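Given next are the chains, with one letter for each unit.
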Amino acid sequence: MNTLPKKDWAATPRRALKPTDIVTRLAQLHGWTLRGDGENVAIEKTYRFANYHETMAFVNAVAFIAHVEDHHPELLVRYDHCVVALNTHDVHGISETDMDCAARFDALLQG
């Protein structure tokens, strides 16, 4: 079960994080890396699974979280892994919402 508190992003104005904030926050997330630059910057992680069924179960859970958070990642789905990339188009960079969603996606796989 995801124990992260729900945030109301409609009540929280989104802004691009500063590069130092991005590096600090990435250090708190296991396996997430920075890719791209400028408006194409994103955080990205590859999740690995035993088979397609497990991969799709994860993808469906990510889709549910994305819907609830109103923040939708880029997904590359393969048989035994899924690459998740996050950025915030509205702010042309990486926002707190991206970091929050990354933590929520990671929490799906924590015991």
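How each quantity is defined
Residues numbered from 1 in each chain as written. Predicted model: local features only at pLDDT ≥ 70, side-chain atom pairs only at ≥ 80, totals over all residues. Heavy atoms only, no water. Phe/Tyr/Trp six-rings, centres within 6.5 Å; stacked < 30°, edge-to-face > 60°. Helix = DSSP H or I, 4+ residues; strand = E, 2+ residues; numbered from the N terminus. Buried < 20%, exposed > 50% of the residue type's maximum accessible area, 1.4 Å probe, protein only. Contact = heavy atoms within 4.5 Å. Pairing = 2+ DSSP bridges. Axes fitted to C-alpha atoms, helices over the stretch in contact; angles between N-to-C directions. Left-handed = near helix turned anticlockwise from the far one by under 90°. Nonpolar A, V, L, I, M, F, W, Y, C, P; charged D, E, K, R; others polar.

Student: Help me get a handle on the packing of aromatic side chains, residues and values and all.
Tutor: What the rule picks out here adds up to 4 aromatic pairs. Ring centres of Trp32 and Tyr47 lie 6.2 Å apart, and the angle between their planes is 80°; on these two criteria the pair is classed as edge-to-face. In this pair, Trp32 is assigned in the loop between α1 (19-26) and β1 (33-35) and Tyr47 in strand β2 (residues 42-48), connecting sequence segments 15 residues apart. Overall, Tyr47 belongs to the buried group, its relative accessible area being 3%. Between Tyr47 and Phe58 the ring centres are 4.5 Å apart and the planes differ by 40°, which places this aromatic pair in the tilted class. Here Tyr47 is found in strand β2, whereas its partner Phe58 is found in helix α2 (residues 52-69), with 11 residues between them in sequence. For Phe58, a relative accessible area of 4% puts it in the buried group. Among the aromatic residues, ring-to-ring pairing joins Trp32, Tyr47, Phe49 and Phe58 into one connected group.

Student: Before we move on, could you go through the side chain of Thr55 and cite the residues and values that matter?
Tutor: Tracing the sequence through the fold places Thr55 in helix α2. Contact partners of Thr55, with chain neighbours within four places excluded, come to Phe49, Val77, Arg78, Tyr79, Asp80, His81 and Cys82.

Student: How would you sum up the pairing of β2? Please name residues and give values.
Tutor: Summarising the sheet, β1 and β2 pair through 3 bridges and their orientation is antiparallel. When the sheet's bridge partners are listed, Leu34 is paired in β2 with Ile43. In textbook terms, the turn of a hairpin is the stretch between consecutive antiparallel strands, and for β1 and β2 this stretch comprises 6 residues, one of which, Gly36, has a positive phi near 75°. Bridging between β2 and strand β4 (residues 81-86) involves 6 bridges; their strand directions are antiparallel. Looking at the pairing, Arg48 lines up with His81 of β4.

Student: Residue-level account of the packing of α2 against helix α3 (residues 96-107), with values.
Tutor: The geometry of α2 relative to α3 is characterised by a closest axis approach of 10 Å and an angle of 145° between their N-to-C directions. As for the relative orientation of α2 and α3, their crossing is right-handed in sense. Along the contact surface, α2 presents Phe58, Val62, Ile65 and Glu69, while α3 presents Asp100, Cys101, Arg104 and Phe105. Across the contact of α2 with α3, the residue classes break down as 5 nonpolar, no polar and 3 charged.

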